[in-house]
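Here is what each chain is made of, one letter per residue.
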Number of protein chains: 2
Amino acid sequence: MTAKTSTKQNTRALLLETGIDIMIEKGYHATGLSDVLSACGVPKGSFYHYFESKEDFGLQVINTFDEKYVAQLDQVLSDPKLSPLNRLKKYIDDAIAKAESRQCSRGCLIANLSQEMADQNEVFRLRLKQIITKRRESFARVIKEAQEDGEIAKDLDANELAEFFLSAFEGAIMRAKVQKDIQPFRAFKKMFFDKLCRHSQESRSK
Amino acid sequence: MTAKTSTKQNTRALLLETGIDIMIEKGYHATGLSDVLSACGVPKGSFYHYFESKEDFGLQVINTFDEKYVAQLDQVLSDPKLSPLNRLKKYIDDAIAKAESRQCSRGCLIANLSQEMADQNEVFRLRLKQIITKRRESFARVIKEAQEDGEIAKDLDANELAEFFLSAFEGAIMRAKVQKDIQPFRAFKKMFFDKLCRHSQESRSK
């Protein structure tokens, strides 16, 4: 790799990281490319040196965010020190701690863009669908493990429970963002883990 | 009321209805005032004759949408022909039927704008928070009625269950919008009504 190629790649990575920061707050449409370039100290007009279009940039922002997210998610969901159910709980606790540290602002980039772009751009919708489907599959795998370990009853369909887990938590993130309060997270934890999963454990022991 | 005042009010109402239709699909930022005016056949440039600013228009769009929504919601949630739990189920079934008829597009205006605006505009956030809090209170009232009638156990906190109901359903609407499939709604109904509420009924009978 030449020094020039390396610099180009570093600048591209910086633009993508900055894109994540701005887009998670403002969304896709309200993110101005000139704001991203200014924040990085990259000359205006050189954007197309790095990306084909704003759409290309947006999709690369999503991919960059997702790569990091999946790495963290996989680490928590395969932690050998925790039982499968406790891995799910840790995932939620980590996310709540992160939300609290940001006064419940920002939310989840994938959910924010899903809400904004699903009816606006089919390329974005399909990419976002693919990402969320993969997450749902990861949650379903851990739920199945928890079922095998007797932590969650086998009478609950793991895929449906994973879908519900995802919907309810994404909804709670959005609610917390509007309320600026973690109460929706508390309700989620109590109802999902203490009531819904406890029920399953009771059913199983019958 | 003079004919002129009446025409002005009709035009204003038409602009707001059109604003709902466009804003529910595109969001606030991507909605161009000129598109709204063109769709209504109202001359460009006359916008400020009806509204103080785009923000004022957006807030009036939210209020107009909410007034209609609350009227429908109140009707379902106070239907004397249905038990309290069945009123909640009917609310969900009606919403799913509506989503299906639109191929799961659009979603909920209040949730869409919450996602987009909560960190962008404090006036919007506070108005959206107020609207959702009122909905949560309506759901909590029906949940309490269901608890009094023995349909939902008294050991569940009605306000927390209402919050969870709201989060999980708003999340399912968003998921369905990305998937273009009602599967997230099916998972919601099964887990919330068949599993979580059933658990409560079992707990109560102990």
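Residues numbered from 1 in each chain as written. Chains lettered and ligands numbered in written order. Predicted model: local features only at pLDDT ≥ 70, side-chain atom pairs only at ≥ 80, totals over all residues. Heavy atoms only, no water.

Enquirer: What is the right way to look at the packing of helix 1 (residues 3–26) of chain B against helix 3 (residues 54–77) of chain B in this model?
Expert: Geometry of a packed helix pair, given as the angle between the helix axes and the separation of the axes. All names here are of chain B. Direction vectors running N to C along helix 1 and helix 3 enclose 90 degrees, while the axes themselves pass 9 Å from each other. Here helix 1 lies roughly perpendicular to helix 3, going by the angle between them. In this structure, helix 1 contributes Arg12, Leu15, Leu16, Glu17, Gly19, Ile20, Met23 and Ile24 to the contact, and helix 3 contributes Phe57, Gly58, Gln60, Val61, Thr64, Phe65 and Lys68. Split into classes, the residues belonging to the contact of helix 1 with helix 3 amount to eight nonpolar, four polar and three charged. (Axes fitted to C-alpha atoms, helices over the stretch in contact; angles between N-to-C directions. Helix = DSSP H or I, 4+ residues; strand = E, 2+ residues; numbered from the N terminus. Parallel < 35°, antiparallel > 145°, perpendicular 65-115°, else oblique. Contact = heavy atoms within 4.5 Å. Nonpolar A, V, L, I, M, F, W, Y, C, P; charged D, E, K, R; others polar.)

Enquirer: Sorry, what's going on with the packing of aromatic side chains here?
Expert: Both the distance between ring centres and the angle between the ring planes are used here to describe each pair of aromatic rings. Enumeration according to the criterion identifies 41 aromatic pairs over all chains in this entry. Between phenylalanine 192 of chain A and phenylalanine 193 of chain A, the ring centres sit 5.2 Å apart and the planes meet at 85 degrees, which makes this aromatic pair edge-to-face. Classification of phenylalanine 193 of chain A as buried rests on a relative accessible area of 5%. Note on phenylalanine 47 of chain B and phenylalanine 57 of chain B: the rings are 5.7 Å apart at their centroids and 80 degrees apart in plane angle, and the pair reads as edge-to-face. (Phe/Tyr/Trp six-rings, centres within 6.5 Å; stacked < 30°, edge-to-face > 60°. Buried < 20%, exposed > 50% of the residue type's maximum accessible area, 1.4 Å probe, protein only.)

Enquirer: How do you make sense of the interface of chain A and chain B when you look at a structure like this?
Expert: Often, the extent of an interface is quoted as the loss of accessible area on bringing the components together. Across the boundary between the two partners, chain A contributes 51 residues, which contact 51 residues of chain B. Surface buried jointly by chain A and chain B totals about 4,800 Å² across both partners, of which 57% is contributed by carbon and sulfur atoms. The tally of links from chain A across to chain B stands at eight salt bridges. The salt bridge involving aspartate 119 of chain B is made with lysine 180 of chain A; its shortest N-O contact spans 2.5 Å. Inspection of the chain A/chain B interface yields 16 residue pairs in polar contact (both at pLDDT 80 or more). At the level of elements, helix 1 (3–26), helix 5 (109–117), helix 6 (122–148), helix 7 (158–179) and helix 8 (183–205) of chain A are the ones that each hand at least two residues to the side of chain A that touches chain B. Element by element, the count of residues in the side of chain A that touches chain B is highest for helix 7 of chain A, at 15 residues. Residue classes in the side of chain A that touches chain B are distributed as 19 nonpolar, 12 polar and 20 charged. (Buried area = accessible area lost by both parts, 1.4 Å probe. Salt bridge = Lys/Arg side-chain N within 4 Å of Asp/Glu carboxyl O. Polar contact = N/O pair within 3.5 Å; in protein donor to acceptor, adjacent residues only side chain to side chain.)

Enquirer: Sorry if this is basic, but what is going on with the relation of the copies chain A and chain B here?
Expert: Here the two chain copies are tied together by a rotation about an axis and a shift along that axis. After a rotation of 180 degrees and a shift along the axis of 0.0 Å, chain A superposes on chain B with an RMSD of 0.0 Å. Seen this way, the second copy is the image of the first under a two-fold rotation axis. (Least-squares fit on C-alpha atoms with pLDDT ≥ 70 in both.)

Enquirer: In this structure, what is going on with the confidence of the model for chain A? I would like to understand it.
Expert: When pLDDT is averaged along chain A, the result is 93, and 96% of the positions lie at 70 or above. Among the scores for the predicted complex, ipTM is 0.93 and pTM is 0.93. (pLDDT = per-residue confidence, 0-100.)

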